[in-house]
Amino acid sequence: MFIETRKVDMNAYIKDMVYEIVNDEEGKSIKIEFTNLFYGDINAIKFCISARDSFNDEIVFKSGNRFEIKRVNLNIKKGKKCSFITEIGNYDIRQIEITVDQIVYSDGRIVKP
């Protein structure tokens, strides 16, 4: 018999977040995709990114060691999927970590998960 353990965050506001680095001629972009859970329609969301290079050193972006992605004027309904691409520059990115910093709902609530 095989026992599988799964971790579930009962306080999550979004789920199924996946991301990938996309290379093009102008540098690197990050594609982020997620599903809005059932707490309300999302009007804005802010992500923070930290990254490491080939030497496992922390990358320092123009704004510091964290790169912020803010998306506003959204209308992501409850239970719906969203995806977008954001340019992050031409860095030697080998590892990346993304966290959700803030979510703004249509009723005015601002959540910091």
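Above this text sits the structure in question.
Residues numbered from 1 in each chain as written. Predicted model: local features only at pLDDT ≥ 70, side-chain atom pairs only at ≥ 80, totals over all residues. Heavy atoms only, no water.

Chemist: A description of the overall build of the protein chain should follow, citing residues and the corresponding values.
Modeler: In terms of regular secondary structure, the protein chain is built from zero helices and seven strands. N-terminal to C-terminal, the α/β element order of the protein chain is β-β-β-β-β-β-β. When its C-alpha atoms are laid out on the principal axes, the protein chain stretches across 50 × 40 × 25 Å. Put simply, the protein chain has 113 residues, and 34% of those count as buried. Within the protein chain, contacts between residues separated by at least 24 positions form 65% of all contacts whose residues are at least 6 apart in sequence. By element, 46% of the accessible surface of the protein chain is carried by carbon and sulfur atoms, the whole surface being about 7900 Å². Distance from the positive charge centre (18 side chains) to the negative charge centre (18 side chains) of the protein chain: 7 Å. (Helix = DSSP H or I, 4+ residues; strand = E, 2+ residues; numbered from the N terminus. Buried < 20%, exposed > 50% of the residue type's maximum accessible area, 1.4 Å probe, protein only. Contact = heavy atoms within 4.5 Å. Areas by Shrake-Rupley, 256 points an atom, 1.4 Å probe, with all protein chains shown as cover. Lys, Arg positive; Asp, Glu negative; His and termini not counted. Charge placed at Lys NZ, Arg CZ, Asp CG, Glu CD.)

Chemist: Before we move on, can you summarise the sheet that holds strand E1 (residues 14–24) with the specific residues and values?
Modeler: Within a sheet, neighbouring strands are paired by backbone hydrogen bonds and run either parallel or antiparallel to one another. Taken together, three strands build an open sheet; the order of strands is E1-E2-E5 and the sheet is antiparallel. The outermost strands of the open sheet, each flanked by one partner alone, are E1 and strand E5 (81–89). Taking each pair of neighbouring strands and ignoring which way they run, the sheet shows an average axis angle of 20°. As paired elements, strand E2 (residues 27–36) and E5 share eight bridges and run antiparallel to each other. What sits directly across from Glu-33, in E5, is Ser-83. (Pairing = 2+ DSSP bridges. Axes fitted to C-alpha atoms, helices over the stretch in contact; angles between N-to-C directions.)

Chemist: Lay out unusual backbone geometry in plain terms, naming residues and giving numbers.
Modeler: Of all residues except glycine, most have a negative phi; of all peptide bonds, most are trans. The phi angle at Asp-16 is positive, at roughly 55°, despite the residue not being glycine. One can find Asp-16 in strand E1. For Asn-73, which is not glycine, the phi dihedral falls at a positive 55°. Structurally, the position occupied by Asn-73 is in the loop between strand E4 (67–71) and E5.

Chemist: Before we move on, could you go through a negative patch on the surface and cite the residues and values that matter?
Modeler: On the surface, Asp-24, Glu-25, Glu-26 and Glu-87 cluster together to form a negatively charged patch. The residue Glu-25 is located in the loop between E1 and E2 in this model. For Glu-25, a relative accessible area of 80% corresponds to the exposed category. (Patch = residues over 30% accessible without salt bridge, like charges linked within 9 Å, V, L, I, M, F, W, Y side chains within 5 Å. Salt bridge = Lys/Arg side-chain N within 4 Å of Asp/Glu carboxyl O.)

Chemist: Mind laying out the nonpolar core, listing which residues take part and the relevant values?
Modeler: One finds Ile-32, Phe-34, Ile-42, Ile-45, Phe-47 and Ile-69 to be the most contacted residues of the largest nonpolar core, which totals 24 residues. When residues in this core are grouped by element, the largest group, five residues, is from strand E3 (residues 42–52). Apart from the residues lying within four places of it in its own chain, the contact partners of Phe-47 are Met-17, Ile-32, Phe-34, Phe-67, Glu-68, Ile-69, Phe-84, Ile-98, Thr-99, Val-100 and Asp-101. (Core = buried A, V, L, I, M, F, W, Y, C linked by side-chain atoms within 4.5 Å.)

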